[in-house]
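Architecture and fold: a report
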Amino acid sequence: MSTQQLVKTLISSNKAIVFSKTYCPYCTLAKENLTKLNVAFKTIELDTDPKGSEIQNALFELTKQRSVPNIFINSKHVGGSDDLRALIRNKKIQSFLSN
């Protein structure tokens, strides 16, 4: 399976997924916000995953976003931590959560 296909499979097979790095404070904040919303999510830590850099490159091809966190809910690209916070603040997160 190609890395691109792996990424697409991970996105489609999880209600929510956060591509993260263990040392990133924005990643930590995004994961805390999802936890507060009681959203079950999978985390892929790109700095510890053996294919981390390949996954990050595949994500860039897919989303044009190089930074982390890179968040998907119900296979829809949310963006990063600030994007997630904006959806929560503007009460638009439910449109991503309901599917």
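About the thresholds
Residues numbered from 1 in each chain as written. Predicted model: local features only at pLDDT ≥ 70, side-chain atom pairs only at ≥ 80, totals over all residues. Heavy atoms only, no water. Helix = DSSP H or I, 4+ residues; strand = E, 2+ residues; numbered from the N terminus. Buried < 20%, exposed > 50% of the residue type's maximum accessible area, 1.4 Å probe, protein only. Contact = heavy atoms within 4.5 Å. Core = buried A, V, L, I, M, F, W, Y, C linked by side-chain atoms within 4.5 Å. Pairing = 2+ DSSP bridges. Axes fitted to C-alpha atoms, helices over the stretch in contact; angles between N-to-C directions.

The protein chain is annotated in an unreviewed UniProt entry as Glutaredoxin from Smittium mucronatum.

Turning our eyes to something else, we now look at unusual backbone geometry. Omega for the bond connecting Val68 with Pro69 falls within 30 degrees of zero, at 0°, which places this linkage in the cis form. You will see that Asn74, though not glycine, has its phi angle at about 50°, which is positive. Its place among the elements puts Asn74 in the loop between β3 (70-73) and β4 (76-79). Take Asn74: its relative accessible area is 15%, and that puts it in the buried class. In this structure, Lys91 takes a positive phi of about 60° despite not being glycine. Take Lys91: it is sitting in the loop between α4 (81-89) and α5 (93-97).

So, on to the side chain of Lys31. Tracing the chain through its elements places Lys31 in helix α2 (residues 25-36). Since its relative accessible area comes to 15%, Lys31 is described here as buried. Beyond its immediate chain neighbours, meaning those up to four positions away, Lys31 contacts Val18, Ser20, Phe41, Thr43 and Glu45.

In this structure, Val7, Ile17, Phe19, Ile44, Leu46, Ile55 and Leu59 are the most contacted members of the largest nonpolar core, which totals 14 residues. Of all the secondary-structure elements, those providing two or more residues to this core are α1 (3-12), β1 (16-20) and α3 (52-63). In this view, Ile44 contacts Leu10, Ile17, Val18, Phe19, Ser20, Asp49 and Ile55; residues no more than four positions away in its chain are not counted. If you look at the next biggest cluster of nonpolar residues, it comprises 13 residues, including Ala16, Leu34, Leu84 and Leu87.

Here the focus is the sheet that holds β3. Adjacent strands of a sheet form backbone hydrogen bonds with each other and so pair up, either parallel or antiparallel. One open sheet accounts for four strands, arranged β2-β1-β3-β4; its pairing is mixed. In this open sheet, the two edge strands, each paired with only one partner strand, are β2 (42-45) and β4. Averaged over all pairs of adjacent strands, the angle between strand axes in this sheet comes to 20°, irrespective of strand direction. By the bridge criterion, four bridges tie β1 to β3 in an arrangement that is antiparallel. When the bridges of β3 are listed, Ala16 appears paired with Ile73.

Bringing the pairing of β3 into the picture now. Because side chains alternate across β3, one face comprises the buried residues Asn70 and Phe72, and the other comprises Ile71 and Ile73, equally buried. Sheet analysis places β3 next to β4, joined by three bridges and oriented antiparallel. Considered in β4, the bridge of Phe72 is made with His77. Here β3 folds back onto β4 in antiparallel fashion, the turn holding two residues, of which Asn74 has a positive phi close to 50°.

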